[in-house]
Amino acid sequence: MKPIPFLQRVSLLSCLFLMVGSICLYGQQDELDSLKAILASEPDDETTLSTLVSLSSKLYRADPDEGIRYATQAEELAIQMDDKKTLALALKNIGLGYYFKSNFNEAVIHWNESLDYYKEIEDVTGISNLLSNLGAVYESQADYSTALEYGVEGLRYARQAGDQLRIATSLINIATIYAEDEKTRPQARETLEEAINISQGLNAPDLTGTAAFNLGELLLNEGQAKEALPYFEKALSDFSAIGIGHTSTPLNYMSKAYVVLGDYQKALDYADQSYDAAVEADSKIEMAQAALSTGDIYQFLNLPNYAIKAYSGAEAISKELNTNKELAEAYDGLAEVYAGIGSYRSAFDYQNQYKEISEQIRSAEYDEIVNKLRFQLDLETKEKEIEILSRDNALKEAEITRAGMIQRFLISLGVLLLLIIGGVSYFYRIIREERNRFEKILLNILPQDTADELQAKGYVEAKKFDQTTVLFTDFKGFTSMSESLSPEEIVKSIDYYFSKFDEIIGRYNLEKIKTIGDAYMCAGGLPVKNQTNAKDAVLAGLEILSFVKEVAANPPSGIHPLEVRIGINTGSIVAGVVGTKKFQYDIWGNTVNVASRMESACETGKINISDRTYELIKDEFACTYRGEVEVKNGLKLKMYYVDNEEYKEFKHNFDFTKKNILN
């Protein structure tokens, strides 16, 4: 089962639910033409003001620039007429236009102005609306504490006004914030249940369906697939009642629920229905998602040909839409299927495409983080602006300094050329030094044997290793922590940990494969085969745990303490070098996938190993059997935790022996 994203926000900002957008726009052109005709007739100021506000209300989403233009004219006229209620509405519509242009800073500025006017005239409904809108912005920027403050305050005013529609909407939005934190997910469930009860009384199937779907999704994420199904069925019924045809998503999630329950025939039936509904609605993104679910099911049922067909369909649609997330899932699925049937060349190709698209996704995520930081900076005080200006001046000075360095470099280069011309022996010595430097760089990227093969042949042949042990590490809460740190602090902390990891695995004859964000991957038993790789990996994992705990107890200056979890699996893999501009030594196969599952199913501060690794190390390490734990696609794997206490005794003995040797 692919990871399930958390709840979707429903807001009066966006006509309550994305699918309702077509309702909002249906038949709107005639109304727009009629309103524009009224303006052209040059009516009195009161009619003009009302018409401008109506136009801006209908256009802020479909054509934000036009919506902002009409709302700005309404703002100016309302000021002249001293009409504070309409002025507040015009400012709100300007903010809505900027919101749908993703200019959140301008949206917040205008909404705060609007909020002030609503408070001045004591318009409780208007206050509730603006507080909810402001909460939506901060939630989109992942500032959940501020978003929750606005959401709860907006709900308080909605209750005061007795506006049941706005109460239900606020409850659903607050639930999306509660769902972001595991500790507050019980409150998310209670809040959604209240929203459903209120929405049913309003006869609002769009709201009821959205709340029911979100509650079902929350339950499914918590492993309660059976309890989730009635809510998905409710969402399906309500969305069907709206008559828009966007029923594909609840059908798809019903398929996911039946996978968890082990009823694969029903899972396939609902995945097919989801695809058909998406075709009927001409929703290609939902077609791709349904095809991915179908591929997952066939892969789990060990029907590779059907899985390949489904994943390939998702791949084609995702390429057409240029949706990287779905395309990455399709590549990942195809790589796993081909590896499972021994078609390593195809698995290799799809794995490379998966890596390439994943890099694009990570780049987009980085841009999103930068945009969030920019949003926060834009709302800082003038003092911050002065600080930024000072920083710009420092950068200019750095540019001047760099120009001087370039000039000195050119002079030095000229001198170097004269020296080369003056002595052939010196020239060859420089070449030899550069070659040595190149070889050192190559050895930092590739293992010794692999680097030697690359220099001798110009390429590296892919090799299969029958017994290797793969180790994954991952830090808990790193993504949320990184959003509150500067880039320098993030890099300094990660470099500190990973440099120590490099040192540790080197002592146990493991080969570092790569790092992806805050994840670290290494393997033993390659490129030189050995029979001790399972033991070596466990020893390295135990020392990594010990190091991370020591840092948490006494963190060095500037280093943020983190918690780590480790997954280990043993089996066969294929290894080779990919890339032409940037070489990378990498490994593929189901062994790698299972090692990753071991890590994701592990608690922090522990080492989770597979039964294959356990059979190789059980006589040397105390382990605790966890039973069969469910992982991706509903597959259950036997897992064991390595007893950390046993390592303390071993580490003591190891250090004592090492000391005697040194003496």
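Right, let's walk through the structure included here.

## Comments concerning the pairing of strand S3 (residues 519–524)
By the criterion of burial, S3 is predominantly enclosed, with 6 of the 6 residues buried. Side chains Ala519, Met521 and Ala523 project from S3 onto one buried face, and the interleaved Tyr520, Cys522 and Gly524 project onto a second face that is buried too. Here strand S1 (residues 463–475) runs beside S3; their pairing, made up of 5 bridges, is antiparallel. What sits directly across from Val470, in S3, is Ala523. With 6 bridges connecting them, strand S2 (residues 510–516) and S3 associate as antiparallel partners. Pairing of Ile516 across the sheet is with Ala519, part of S3.

## Notes on the environment of Glu603
Tracing the chain through its elements places Glu603 in the loop between helix H25 (590–600) and strand S6 (607–610). Placed 38 residues apart in sequence, Glu603 and Arg565 show a C-alpha to C-alpha distance of 6.2 Å.

## Let's talk about the pattern of salt bridges
Here the idea is simple: oppositely charged side chains can pair when their charged atoms come close. By the definition in use, this model includes 24 salt bridges. For the salt bridge of Lys514 with Asp586, the shortest nitrogen-to-oxygen distance reads 3.2 Å. Taken together, the residues Lys514 in strand S2 and Asp586 in strand S5 (residues 584–588) connect sequence positions 72 residues apart. Residue Lys514 is classed as buried on the basis of its relative accessible area, which comes to 15%. Overall, Asp586 belongs to the buried group, its relative accessible area being 0%. The partner of Glu599 in a salt bridge is Arg565, with the nearest N and O atoms 2.8 Å apart. Taken together, the residues Glu599 in helix H25 and Arg565 in strand S4 (residues 564–578) connect sequence positions 34 residues apart.

Cut-off values and rules
The written sequence of each chain sets the order in which its residues are numbered from 1. The predicted origin of the model limits local features to residues at a pLDDT of at least 70 and limits the giving and counting of side-chain atom pairs to 80 or more, whereas totals for whole chains, interfaces and linings rest on all residues. Heavy atoms throughout the structure, all of them, feed into the side-chain values; hydrogens and water do not. Relative accessibility decides the category of a residue: with a 1.4 Å probe and only protein chains considered, values under 20% of the type maximum give buried, values over 50% give exposed, and everything between is partly exposed. Only DSSP runs of H or I with at least four residues qualify as helices, and only runs of E with at least two residues qualify as strands; both kinds are numbered from the N terminus onward. Here, strands pair whenever DSSP counts at least two bridges between them. By convention in these notes, a salt bridge is any Lys or Arg side-chain nitrogen within 4 Å of a carboxyl oxygen on Asp or Glu.

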